[in-house]
Each structure stands twice: as C-alpha cells, then as structure tokens.
Amino acid sequence: MIALRELLSNRIADALRAIGAEGDVQIAPAQDEKFGDYQCNAAMAIAKKQGKKPRDVAQSIVEQLRIDDMCELPEIAGPGFINLRLKPGFLAKTLMDVPAQAVEDNDRLGLPLAVTQETIVIDLSSPNLAKEMHVGHLRSTVIGDCIARVLEFEGHNVIRENHVGDWGTQFGMLVAHLRRIKPDVADNPASLVIKDLETFYIEAKARFDADDEFKTEARETVVALQRGDPLIRKIWQAFCNESLRHCHEIYRQLNVRLVDRGESFYNDLMDDVIRRLERLQRENPGGAVRESEGALCIFLDGFTTREGQPLPMIVRKTDGGYNYATSDLATIVDRVERLHANRIIYVVGMSQKQHFEMLFAAAHKVGIAGANIAMEHVGFGNVLAPGGRPFKTREGGTIKLKDLLNEAVDRARRVIDQPPTDDSKRPTDLALSEKDSIAEAVGLGAIKYFDLSHSLMSDYTFDLEIMLSLEGNTAPYMLYAYARIRSIARKAGASPDARLTEAAIALEHPTEIALAKKILQFADVLQTVSRDLRPNVLTDYLFELAKAFSRFYDKKIGVRVIDATPESIRSSRLRLCDLTARVLKLGLHLLGIETIEQM
Ligand code: ARG
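Now for a description of the structure that goes with this document. Remember, it's a predicted structure, so these values are computed and weren't measured experimentally.

Regarding the overall build of the protein
The secondary structure content of the protein amounts to 20 helices and 14 strands. Residue burial in the protein is summarised as follows: out of 599 residues, 51% are buried. A separation of at least 24 residues holds for 72% of the contacts in the protein among residues at least 6 apart in sequence. For the protein, the exposed area adds up to about 27,800 Å²; of that, 50% sits on carbon and sulfur atoms. With 77 positive and 86 negative side-chain charges, the protein shows a spacing of 2 Å between the two charge centroids.

Set out below in structure tokens:
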C-alpha cells in the first residue's frame, strides 16, 4: 500500500520546481469532503515570497501538475487553495496492488519499511519497585508499547527499556524491614514471596516513622547497599526480583515486552559521568559545568527560576550524592555508547517535562549526545478517577493496576453475555473457555484502547462503563466491527480464498468510494503516528474506518454485499470487506490489541 499523501506531495514538489518555487508543498487531508480529498496550500506562501497573487500562483502550479492518472481536474478555491480529488479508478487500482495476505500473522498490507533504519531506545513503564504498579503506570506502558510497535513495524531496531526505580534511600528501609521479618532471606532469596507489595511498603514506612533505632538501621543499610556490601546487595536483589515478578505478571497480561534496566544498572556509570564533567570543569573553569553552593551543576541557557535566576541542573549534591539527573545522564551514555542508539524516546508523565528538557539540553551541551542523537520526551496527562478525582481507594490508598485490569476483564465478561443491540446475530454457541479468552481480550483491549485514544496531553477519567461500551470509539466497538466483517466473509463462503484476493475492484457507490479512500489513508496515518508519536491519530483513524464500513454495509444507505449481483460486483465488495478487516487487524495490533474472529 502506498502513502497517497507522500505520492501527491512528490508530484506537487515537481510542479513547484517547474515554476521555480521550490519549498514546502503543504499538503493536508481536506477538511471537508465537499472540497476533495487533499488540499495543497503552497500557493499562498509562494505568492507572498514572490510578490504575486496567490490565485495566479495556484493557477501556474496546477498547469504544471502532472497528476491526471491519480486525480480529477484540480480546483482552485478561496484565496488559492488547490483541491485534489482522487479518481475512483485510481483508488481501485491502488487497492488491487495491495498484496494478498501471505502469512496469517505477518500481514503488512504491502506497507514499506523506513528508508533509513535506526536504533531506537524507548524508555517505558519504569515504575518504582518499592511499591506495586498503580494506574499511573498504565499510560507509559501502553503508549510506549504502541510507539515501539509502530517503529518496529517500520523496520527500526527498537530496544524497550524498563527504567525501574530500584535505587536510593527507600531501598535501605525496605531491605532493613525485610531482614527483620524474614531473617533467612539472604540464605534463601529465591523463597521470597511478598503477597502484597503495597502493604509491605506501608509496614516498612510505619516502622521507619515510629522507631528511631530502625531509622538508623535503614540509613546504614542504604550506605551499605551503595557501597556494595554483598549481604545487603543479596537481600536487595531478592526484593527487586520479587517486585519485578509482580510487574511482569502485568506485562504478561498486557502482552508488553521490555527489558528491565533499572537505575541501579547505571551505578558505576554515574561515577564515570561525574569524572567526565569534572574534566570539563577543569578544562573550562567558567564554562557550563561549575560548582554552586557545594553542588556540581550544569548551567544551561534558557532555564531560569521563577525569580529569573539561572536554574542549573544539579548532578552531584552538596553531600556528594548523585540524583535523578545524574542517573539519567548515565542512561544516555549507555544508550549512545553501548547500544548505539540514534534516537531515544522517554515515555514519562508530563510532570517531568522540565527534567527532560534540561536533561537533553545538558547532554548536548556537555557532549554526551552529539547533534545526531535525537532525544524526545513523550509526555502525557494523568488518569483520574470518575468525578475527576485523583485515583485513590476510599481509605486514601492507591488502587493497584492489577485489580483494575481484573475488574475490566470481569466486566467485559458481562458485556459479552449481553444480547447484541443490533439486528446482526452474535454466535451464542461459544464455549466457556472461548468466552473467557474473549473477555480477557476485550477487557484488556478496552483499557489500552481507551488510554491510547486520548490525546497525550490531556488528563482522562478512567471509566470502565465507557471503555467497555459497544458503541463509540472503544475497543469493544472496534473488535466487534472486525469480527462482524469476518462473519460476513464466512457467510459469503469467501474467506480467504484465491478468487477473492484476485477479484477486480470496481468502485461506484459513494459509500464504496468513501470506504476505499479510508482504507488507503492507512499508510498516511502510520506515517503521521511515527513522525509525531501520537497513538490517538491511529485510534481516530480506525474509528473512522469502522464507521465508513458501517455506512458501506448499511441496508439503507450502503450497498448489498453477500447478495450483490452480478458476481463481479459481489466479489469486488467482498474484497473491500477483506481489506477493511486486514487494516483493522493490523491497526489494532499496532495498538497492542489482538483481534478475535468471533465475538
Ligand atoms: N521511575 C521514574 C518514576 O517513577 C520514571 C523513570 C522514567 N525514565 C527515566 N529514564 N527517567 O517517576
């Protein structure tokens, strides 16, 4: 499948060159289908530069445009927009060029790989191991996974790193507590099972707050941990392994792959980072790396406090200790020098926006990352509880992510047991075990889809009712739309046979043409998602595709499919059904959601 926007852009670029006006082709999907499918806004900018009338420039672009194999005659509108409308014959041919599905699980719909393949590190999920994962960790995990899937699909070498918090003062407290309640843990670390990490943390904290002797012990334990005391390290490792086991239960359930690369991994590298910075400080005493009030700092242009004072990034505290910034500089050293990454993407909440801005500026400034290394922070808003409140239990504790996932699966089970709301029959003969796996797919899919369908910047309210609804922009709706198309194919006795995949496509009816266009926009959409790293562009598109299909298949406004005549029209339409299903399946897969054939 070719990306139509890119193809049209190339044609327009040729035309711009022909009129001696190279530059931005400015092509975008049309706002309203009344005006065509794509709109080119280049004439306005060129006219301004050349001191001409925009409509005249648009006219000369159109005269040079070699596009009649793809589009109807371009129209010039308003101040000088060029409106382009794709020809049904071109759409049909482009759809027929989509290769047949070769291997069931590896359908790329003929989409190309990226021209330059990069090594990309994605920093995702990254909970703090002291406590159990809560709903706040959902977004980074799900968004990071989706971005990774899209970039992997383009053929990049993607390394998914789980930068868990496994280092620092809290771990002294936890290890000291663990030693008290389970004295044999060092001899028998594998036997450690913590049923509930949340309670464990609360107990340790309560003891820390109430007992001065324990407080001292906890502090000594941190020092011993960081010094590398073998016994303390062993107990700390046992705790981390146990906590990671909890995390990986969730990753398994969500079908998210990643490698654990916690803060502790960078412990030695942090010394190295500081040595490099000290060298810079010696070489250039008045430079960006300077001491301030006993702390080692990197001073960066453009970062100031509220009072207008320079705001440095502290990399070694007055007490000699390192901090979050030090460890994140070390992640960059490791990712650039060991992993040879040329792009690093941090999927972390918006609250850390400034940390990452300073981190990236600092890494470039001190030469840890060259100008060729792209670093991006994909930030996101909060998940709120119904009513817009912070997500807490009635007692003020955190709600565990595990419990939320299980609740979604339970509720999905109830949705599946409901009779269908429209006239299409749902199979009633599903086996119990099948129902369980469908509930799992629908429930978890619903949570993921709902999260991904919100724009990254906005907060959203976690509402199982809405996310499990069979109507609207939800996973159940999308999964159901997919299953329904598959059942049409089964009923027609057409899937996936050779006659169908070779059938000629003819597009006549408006709903048929609209569906064809939607299917072919998939390539444009994937390019946008990978360029902007915005999963909701993909969910919005899939929702529109499902709606275009509903109109196409609608008894009143659409066309006949299974009982269409003659056979050539029937098979053309069945092939459109098949292509729609394949796009839905691949699109959902890239969101981390697997389709089900029957629902
Ligand atoms: N553990 C951190 C937190 O819970 C997130 C880490 C994000 N990744 C990073 N490289 N800083 O806030």
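Don't stop here, the text continues.
Section: the site of the ligand
Contacts to the ligand come from D123, S126, H163, Y324, D328, Y346, V348, Q352 and F356. Measuring from a nitrogen atom of the ligand, one finds a side-chain N or O atom of D123 at 2.7 Å. Here Y324 contributes a side-chain N or O atom positioned 2.7 Å from a nitrogen atom of the ligand. Residue classes in the shell around the ligand are distributed as four nonpolar, three polar and two charged.

Looking at the sheet that holds strand β9 (residues 295-298)
Taken together, three strands build an open sheet; the order of strands is β8-β9-β10 and the sheet is antiparallel. Each end of this open sheet is capped by a strand with a single partner; those strands are β8 (289-292) and β10 (313-316). Going from strand to strand, the sheet's axes swing by 40 degrees on average, the running direction of each strand aside. Relative to β9, β8 runs antiparallel, the two sharing four bridges. Counted as the bridge partner of E291 is L296 from β9.

Overview of the pattern of salt bridges
Taken as a whole, this structure holds 43 salt bridges when the rule is applied. A salt bridge links E161 to R335; its shortest N-O distance comes to 2.8 Å. Separated by 174 residues along the polypeptide, E161 in strand β6 (residues 157-162) and R335 in helix α11 (residues 324-338) bring together distant segments of the chain. Accessibility classification places E161 together with R335 in one group, the buried group. Between E217 and R180 there is a salt bridge, with the nearest N and O atoms lying 2.6 Å from each other. Within this pair, whereas E217 is found in helix α8 (residues 212-227), its partner R180 is found in helix α6 (residues 169-181), the two being separated by 37 residues in sequence. Taken together, the shared-partner salt bridges in this structure form one network comprising D145, R149, E152, R160, R257 and E594.

Some thoughts on helix α20 (residues 567-591)
Taking 1.5 Å of rise per residue, 25 residues should cover 36 Å, and α20 covers 36 Å from first to last C-alpha, within 8% of that figure. Of all the 25 residues making up α20, 21 are buried; the element is thus mostly covered by neighbouring parts of the structure.

Considering the sheet that holds strand β3 (residues 75-77)
Spatial strand order, β1-β2-β4-β3: four strands in an open sheet with antiparallel pairing. Every other strand in the sheet has two partners, leaving β1 (27-29) and β3 as the edge strands with one partner each. Across the sheet, the mean angle separating the axes of adjacent strands is 30 degrees when strand polarity is ignored. The pairing of β3 with strand β4 (residues 81-84) spans three bridges and is antiparallel. Of the residues in β4, the one forming a bridge with I76 is I82.

What about the packing of aromatic side chains?
Within the structure shown, the criterion is met by 13 aromatic pairs. An angle of 70 degrees between the planes, with centres 5.2 Å apart, marks the rings of W167 and W236 as edge-to-face. Of this pair, W167 sits in the loop between β6 and α6 while W236 sits in helix α9 (residues 230-254), placing them 69 residues apart in sequence. Neither W167 nor W236 differs from the other in exposure class; each is buried. With a centroid separation of 5.6 Å and an interplanar angle of 40 degrees, the aromatic rings of Y346 and F360 are classed as tilted. Taken together, the residues Y346 in strand β11 (residues 343-347) and F360 in helix α12 (residues 353-365) connect sequence positions 14 residues apart. Y346 gets classed as buried once you look at its relative accessible area, which sits at 1%. Grouping aromatic residues by their ring pairs yields a cluster made of F171, F200 and F239. A cation over an aromatic ring shows up here: R108 above the ring of F153, its NZ or CZ 4.1 Å from the ring centre. In this structure, K215 is placed above the aromatic ring of F208, and the distance from its NZ or CZ to the ring centre is 5.7 Å.

Topic: the environment of G472
In this structure, G472 sits in the loop between α15 (464-467) and α16 (475-492). Since its relative accessible area comes to 29%, G472 is described here as partly exposed. For the pair G472 and K547, spaced 75 residues apart in sequence, the C-alpha separation works out to 9.7 Å. With residues up to four places along the chain from it excluded, the contact list for G472 reads Y477 and F543.

Topic: the packing of α16 against α20
Here α16 crosses α20 at 145 degrees, and the two axes come no closer than 10 Å. As for how α16 packs across α20, the hand of that crossing is left-handed. Packed against α16, whose contacting residues are M478, L479, A481, Y482, I485, R486, I488 and A492, the element α20 presents R570, L574, C577, D578, T580, A581, R582, L584, K585 and L588 at the interface. Considered class by class, the residues forming the contact of α16 with α20 number twelve nonpolar, one polar and five charged.

Description of the nonpolar core
Within the largest apolar cluster, 166 residues are counted, with the highest numbers of intra-cluster contacts made by M1, L84, I122, F462, F522 and L538. When sequence neighbours within four positions are dropped, the list of residues in contact with F522 reads M1, L109, L111, L538, Y541, V583, L586, G587 and L590. Counting residues in each nonpolar core, the second largest holds 38 residues, with I274, L300, V333 and Y346 among its members.

Focus on unusual backbone geometry
Residues T565 and P566 are joined by a peptide bond in cis, for which omega reads -10 degrees. Mapping P566 onto the fold places it in the loop between α19 (535-553) and α20. Located in the positive-phi region is L109, a residue other than glycine, with phi close to 55 degrees. Residue position: L109 is located in the loop between α4 (88-96) and β5 (119-123). What makes L109 buried here is its relative accessible area of 1%. Positive phi values are uncommon outside glycine, yet H340 reaches one of about 55 degrees. The class of H340 is exposed, set by a relative accessible area of 55%.

Thresholds applied
Residues numbered from 1 in each chain as written. Predicted model: local features only at pLDDT ≥ 70, side-chain atom pairs only at ≥ 80, totals over all residues. Heavy atoms only, no water. Helix = DSSP H or I, 4+ residues; strand = E, 2+ residues; numbered from the N terminus. Buried < 20%, exposed > 50% of the residue type's maximum accessible area, 1.4 Å probe, protein only. Contact = heavy atoms within 4.5 Å. Areas by Shrake-Rupley, 256 points an atom, 1.4 Å probe, with all protein chains shown as cover. Lys, Arg positive; Asp, Glu negative; His and termini not counted. Charge placed at Lys NZ, Arg CZ, Asp CG, Glu CD. Near = heavy atom within 4 Å. Polar contact = N/O pair within 3.5 Å; in protein donor to acceptor, adjacent residues only side chain to side chain. Nonpolar A, V, L, I, M, F, W, Y, C, P; charged D, E, K, R; others polar. Pairing = 2+ DSSP bridges. Axes fitted to C-alpha atoms, helices over the stretch in contact; angles between N-to-C directions. Salt bridge = Lys/Arg side-chain N within 4 Å of Asp/Glu carboxyl O. Expected span 1.5 Å × (residues − 1). Phe/Tyr/Trp six-rings, centres within 6.5 Å; stacked < 30°, edge-to-face > 60°. Lys NZ or Arg CZ within 6 Å of the ring centre and 35° of its normal. Left-handed = near helix turned anticlockwise from the far one by under 90°. Core = buried A, V, L, I, M, F, W, Y, C linked by side-chain atoms within 4.5 Å.

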